[in-house]
Amino acid sequence: VQLQASGGGLVQPGGSLRLSCAASGSIFSINAMGWYRQAPGKQRELVAAITSGGSTNYADSVKGRFTISRDNAKNTVYLQMNSLKPEDTAVYYCNAELEVVAGMDDYWGQGTLVTVSS
């Protein structure tokens, strides 16, 4: 069972990026999915989360700019990031609560670097 994140890169301020994270393996169900980020010298913080029913939650710093969504058929969560700012530069990690053979557990993706710079 793993989470595979993709979509990071270098973008200019004001630009957009879309992150994707796909869960694969022997998964019975997926509860909440989310994105966290960790900037250099800072603690990891929640960016956005989405429940299995589609309810969303965002950090104040990204409200109105980022949109989280999920495709349950593909076991995938997305993060559409618009109007990016230099302070959005960080390694972004996806997270999911997965029901697997051993029970419910928390899984993390490998991280994808987002750099916002001119």
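Just above sits the structure.
Nothing here was measured: the structure is a model prediction, and the numbers come from that model.

Reading the values: the criteria
Residues numbered from 1 in each chain as written. Predicted model: local features only at pLDDT ≥ 70, side-chain atom pairs only at ≥ 80, totals over all residues. Heavy atoms only, no water. Salt bridge = Lys/Arg side-chain N within 4 Å of Asp/Glu carboxyl O. Helix = DSSP H or I, 4+ residues; strand = E, 2+ residues; numbered from the N terminus. Buried < 20%, exposed > 50% of the residue type's maximum accessible area, 1.4 Å probe, protein only. Pairing = 2+ DSSP bridges. Phe/Tyr/Trp six-rings, centres within 6.5 Å; stacked < 30°, edge-to-face > 60°. Lys NZ or Arg CZ within 6 Å of the ring centre and 35° of its normal. Core = buried A, V, L, I, M, F, W, Y, C linked by side-chain atoms within 4.5 Å. Axes fitted to C-alpha atoms, helices over the stretch in contact; angles between N-to-C directions.

Novice: Any details on the pattern of salt bridges? Residues and values, ideally.
Specialist: Using the criterion set out here, one finds four salt bridges in the structure. The partner of Asp60 in a salt bridge is Lys63, and the shortest N-O contact between them spans 3.1 Å. Across the pair Arg65 and Asp88 runs a salt bridge, and its minimum N-O distance is 2.7 Å. Of this pair, Arg65 sits in the loop between strand 6 (56–58) and strand 7 (66–71) while Asp88 sits in the loop between strand 8 (76–81) and strand 9 (90–100), and the two are 23 residues apart along the sequence. We classify Arg65 as buried; its relative accessible area is 10%. Here the salt bridges share partners, and the residues they tie into one network are Arg37, Glu45, Arg65 and Asp88.

Novice: Just give me the short version of the pairing of strand 8, but keep the residues and values in it.
Specialist: Most of strand 8 is tucked away: five of the six residues are buried. In this structure, strand 3 (residues 17–24) lies alongside strand 8, joined through six bridges in antiparallel fashion. Within the sheet, the bridge partner assigned to Ser20 lies in strand 8 and is Tyr78. As judged from the six bridges shared by strand 7 and strand 8, these two strands associate in the antiparallel manner. When the sheet's bridge partners are listed, Ile68 is paired in strand 8 with Leu79.

Novice: Could you give an account of the packing of aromatic side chains, with specific residues and numbers?
Specialist: Scanning all chains against the criterion turns up one aromatic pair. The positively charged end of Arg18 is found above the aromatic ring belonging to Tyr78, 4.1 Å away from the centroid. The ring of Trp108 is capped by Arg44, whose NZ or CZ atom sits 4.7 Å from the centre of that ring.

Novice: Now, about the environment of Lys42: what can you tell me, with residues and values included?
Specialist: With respect to the helices, strands and loops of the structure, Lys42 is situated in the loop between strand 4 (29–38) and strand 5 (45–50). Look at Lys42 and you get exposed, because its relative accessible area is 59%. Considering only alpha carbons, one finds Lys42 and Gly54, 12 residues apart in sequence, at a separation of 29 Å.

Novice: Pulling in residues and values, what's your account of the nonpolar core?
Specialist: If you look at the biggest cluster of nonpolar residues, it comprises 32 residues, and the most contacted ones within it are Trp35, Leu79, Met81 and Tyr92. Of all elements in the fold, only strand 1 (2–6), strand 3, strand 4, strand 5, strand 7, strand 8, strand 9 and strand 11 (112–116) reach the threshold of two or more residues within this core. When residues in this core are grouped by element, the largest group, six residues, is from strand 9.

Novice: Can you explain the sheet that holds strand 8? Please cite residues and give values.
Specialist: The sheet built from four strands is open, its strands ordered 1-3-8-7 with antiparallel pairing. Two strands in the sheet have a free side with no partner beyond their single neighbour: strand 1 and strand 7. For this sheet the average axis-to-axis angle between neighbouring strands, irrespective of direction, equals 15°.

Novice: Hey, could you go over unusual backbone geometry for me, with residue numbers and the actual values?
Specialist: Unusually for a residue other than glycine, Asn75 sits at a positive phi of about 55°. Within the secondary structure, Asn75 is located in the loop between strand 7 and strand 8. For Asn75, a relative accessible area of 25% translates into the label partly exposed. For Ser83, which is not glycine, the phi dihedral falls at a positive 50°. Within the fold, Ser83 resides in the loop between strand 8 and strand 9.

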